[in-house]
Amino acid sequence: MLIGVPKEIYPGENRVAIIPSGIDALLSAGFEVVIQEGAGDNSHYSDDEYRNCGACIAPSAQSLYEQADIVLKVRQPLDEEVSLLKENSTLICLLDAWFNLPLIKQLAQRNVRSFALEFIPRTTRAQSMDVLSSMGAISGYRSVLAGAIELPQYFPMLMTAAGTIHPAKVFIIGAGVAGLMAISTARRLGAVVEAYDTRVEVREQVESLGAKFVEFDLPQEEGSSAGGYATEKSEEFYTKQREQMQAKVAQADLVITTAAIPGKMSPRLITKDMLHCMKKGSVIVDLAAERGGNVEGTVAGHKVYLDGITIIGYTDHPGRVPVHASQLLTKNITTYLLNMASEGQLNIDMEDDIIAATLITEAGEIKHEGLKAKAEKE
C-alpha cells in the first residue's frame, strides 16, 4: 500500500505528519511513501531530505491523493481535500470529530475509512501514540513563554543595586500534561507557582515540580473518565469553584487555564467579574480557547485586552514549534499505523481497543457509536 503525506493547508498550520527520519520505519514495514512537494517546508524539512530517506515526491496535492491508499495528515481535511480523497482510501489525522460532523458524514459518503487520532485512549500501551499528550506538552511550554513575553515584569527574583525584584506569581488551572509542563517551565524561569486540579491525586506530581498544590472545598464529583480524559462537572460545582478560585486569580500575575473536556465546550472558570479583581497588567493564557475558552472574553486565535488584563487565546501553540511538534507527531502516527499493519497492508482488528476507539468511518458508514448517535439526532 502507498502512504501519502500532503502539505497541510489548514490556516496557520506549520506541522507535517511525517518528517524524513520517520520514512525508514514505514518503508521497512512494507509501505511505499509519497510526500507532496513542499510538505515539510514550514517545519524546515526539505524535499531533498525526504528523497534521501527513500520517499518519492508528488508535484501536487491532486497527484498525491490519486496515488495514496493511506493518507497521513496533521489536521482534518478541508473541503477541497475531501474531494481529492479516493474511494476506499484510509485517512489518519486529528479529525476534531465531535465538532466536525459534516466532515464525518462527507467521509462516510465518499467511502473513506477514517481514524481520529484525538480518540486514542490514554492507556499504557497507547502512550507512544498519544498525540494529544505530545501536543499538550508543547502547549504548556509555549503558554508560559507567551505569558512571560506579555507580562510587564520579570519572572525571577533579582537582587540588584537598584533594589530587589520580587518573582512573578503564576497560577495554573489544570495539572494534566499541558499544566504540568507549564509548571515546569514557569519554575525554570524563576516564578512562584501554584496549581489547581479537580483530581487531588495529582498533588504529588505538582509538588515534585516545585509548585504548591491548591485545594478548594468542593462537592466530590468524578474527576476523569475511563479513557483518562477530564469529565464535565455540574453547574453547582463550577459556581463554587469560581467563588473559591477568585482569590487565587486576584493574587496572580499570570494565570494559565488548561481545562478541556472531549466533545464538549470548555468549562467557564474565570468570569469578567473575576477579571475586575485582578491586578492591572496581569496576563491570562487560555489554552482551551478553541472550544469557547475557560475565560469569559477569550477570543480564539487572538490576544485581547479587557479591564487592564491581557487574555491570550492562541490555538496554534504546537504549530509555533513545528520542528519538534512534527518530530513527536511522526513517532505518534507511525507507532499508531504500524500497530495495525502487517507486510505493507492494514489489518483492522476491532478487538484491538486502540483501533476500536479511533475508527470513525468505514464502508460508507459512521462506525463510532457516539458520533453515529449524534448524526442520527441531527
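Structure first, text after, so check above.
This section reports on the structure supplied with the text. On a predicted model such as this, the values are computed, not experimentally measured, just so you know.

Now for the overall build of the protein. Counting its secondary structure elements, the protein contains 13 helices and 19 strands. On C-alpha atoms alone, the protein measures out to a radius of gyration of 22 Å, which is about the 21 Å that the 2.2 N^0.38 rule sets for 378 residues. With the C-alpha coordinates of the protein rotated into their principal frame, the extents come out at 65 × 50 × 35 Å. By residue count, 51% of the 378 residues in the protein fall in the buried class. Restricting to contacts in the protein with at least 6 residues of sequence separation, those with at least 24 account for 64%. Averaging the locations of the 35 positively and 49 negatively charged side chains of the protein gives two centres separated by 6 Å.

For the rest of this paragraph, the subject is the side chain of T330. Inspection of the secondary structure puts T330 in helix α11 (residues 322–338). Engagement of the side chain of T330 in a polar contact is seen with the backbone oxygen of A17, the distance being 3.4 Å. For T330, the side chain forms a polar contact with the main-chain oxygen of S326, separated by 2.8 Å. Aside from chain neighbours lying at most four places away, what touches T330 is A17, I18, I19 and G22.

Our next topic: the state of the cysteines. What the rule picks out here adds up to zero disulfides. The thiol sulfur of C56 is not disulfide-bonded, and the nearest other cysteine sulfur, from C53, lies at 13 Å. Judged by its relative accessible area of 47%, C56 is partly exposed.

This next bit is on the environment of I18. Tracing the sequence through the fold places I18 in the loop between β1 (2–5) and α1 (23–28). Considering only alpha carbons, one finds I18 and S326, 308 residues apart in sequence, at a separation of 6.8 Å.

Attention now goes to the sheet that holds strand β2 (residues 32–36). Strand order across the open sheet formed by eight strands is β3-β2-β1-β4-β5-β6-β18-β19, with mixed pairing between neighbours. Each edge of the open sheet is held by one strand with a lone partner, namely β3 (56–58) and β19 (365–366). Across two bridges, the pairing between β1 and strand β4 (residues 70–75) is parallel. Counterpart to G4 in the pairing with β4 is V71.

Before going further, it helps to examine the packing of helix α6 (residues 131–150) against helix α7 (residues 177–188). Two elements in contact, α6 and α7, have axes whose closest approach is 7 Å; the angle formed by their N-to-C orientations is 40°. You can see that α6 and α7 cross each other, and the crossing is right-handed. Here S133, G136, A137, G140, Y141, S143, V144 and L145 of α6 come into contact with α7, specifically with V177, A178, M181, A182, T185 and A186. Of the residues belonging to the contact of α6 with α7, the class tally is nine nonpolar, five polar and no charged.

Next up on the list: the nonpolar core. Of all hydrophobic cores here, the largest spans 39 residues; its most connected members are I35, L72, I92, Y336 and L337. With five residues, the top contributor of residues to this core is α11.

Next up on the list: the side chain of E8. Tracing the backbone shows E8 in the loop between β1 and α1. Within the local environment of E8, its side chain forms a polar contact with the side chain of K73, the two groups lying 3.1 Å apart. Within the local environment of E8, its side chain forms a polar contact with the backbone nitrogen of R75, the two atoms lying 3.3 Å apart. Ignoring any residue separated from it by four or fewer positions in sequence, one finds E8 in contact with E13, R15, K73, V74 and R75.

This next bit is on the pattern of salt bridges. Across all of its chains, the model carries 23 salt bridges by this definition. Close ionic contact of K86 with D69 constitutes a salt bridge, the shortest N to O distance being 3.3 Å. Placement of the pair is K86 in the loop between α4 (79–82) and β5 (90–94) and D69 in the loop between α3 (61–67) and β4, with a sequence separation of 17 residues. Across the pair E207 and R203 runs a salt bridge, and its minimum N-O distance is 3.1 Å. Here E207 and its partner R203 are both found in helix α8 (residues 203–208), four residues apart, which amounts to about one turn of the helix. One network of salt bridges, with partners in common, ties together E13, R15, R75 and E290.

Let us now look at α6. Spanning 20 residues, α6 covers 28 Å between terminal C-alpha atoms, matching the ideal 28 Å at 1.5 Å per step. The buried fraction of α6 amounts to 14 of the 20 residues, a majority that puts the element mostly inside the structure. Backbone nitrogen of L132 and a side-chain oxygen of the N-cap are separated by 3.3 Å at the start of α6; the cap is D130.

Its 17 residues give helix α9 (residues 235–251) an end-to-end C-alpha distance of 25 Å, which sits within 8% of 24 Å, the value for a rise of 1.5 Å per residue. The sharpest bend along α9 comes to roughly 40°, located at M245. Turning to α9, its buried residues number three or more, namely F237, Y238, Q241, R242, M245, K248 and V249. Looking at the packing, one finds that the buried side of α9 touches β9 (169–173), β10 (192–196), β11 (212–214), β12 (254–257) and α10 (272–276).

Rules used throughout
- Residues numbered from 1 in each chain as written.
- Predicted model: local features only at pLDDT ≥ 70, side-chain atom pairs only at ≥ 80, totals over all residues.
- Heavy atoms only, no water.
- Helix = DSSP H or I, 4+ residues; strand = E, 2+ residues; numbered from the N terminus.
- Rg over C-alpha atoms; globule rule 2.2 N^0.38 Å.
- Buried < 20%, exposed > 50% of the residue type's maximum accessible area, 1.4 Å probe, protein only.
- Contact = heavy atoms within 4.5 Å.
- Lys, Arg positive; Asp, Glu negative; His and termini not counted.
- Charge placed at Lys NZ, Arg CZ, Asp CG, Glu CD.
- Polar contact = N/O pair within 3.5 Å; in protein donor to acceptor, adjacent residues only side chain to side chain.
- Disulfide = S-S within 2.5 Å.
- Pairing = 2+ DSSP bridges.
- Axes fitted to C-alpha atoms, helices over the stretch in contact; angles between N-to-C directions.
- Left-handed = near helix turned anticlockwise from the far one by under 90°.
- Nonpolar A, V, L, I, M, F, W, Y, C, P; charged D, E, K, R; others polar.
- Core = buried A, V, L, I, M, F, W, Y, C linked by side-chain atoms within 4.5 Å.
- Salt bridge = Lys/Arg side-chain N within 4 Å of Asp/Glu carboxyl O.
- Expected span 1.5 Å × (residues − 1).
- Bend = angle between axes of the 7 residues up to and from the residue.

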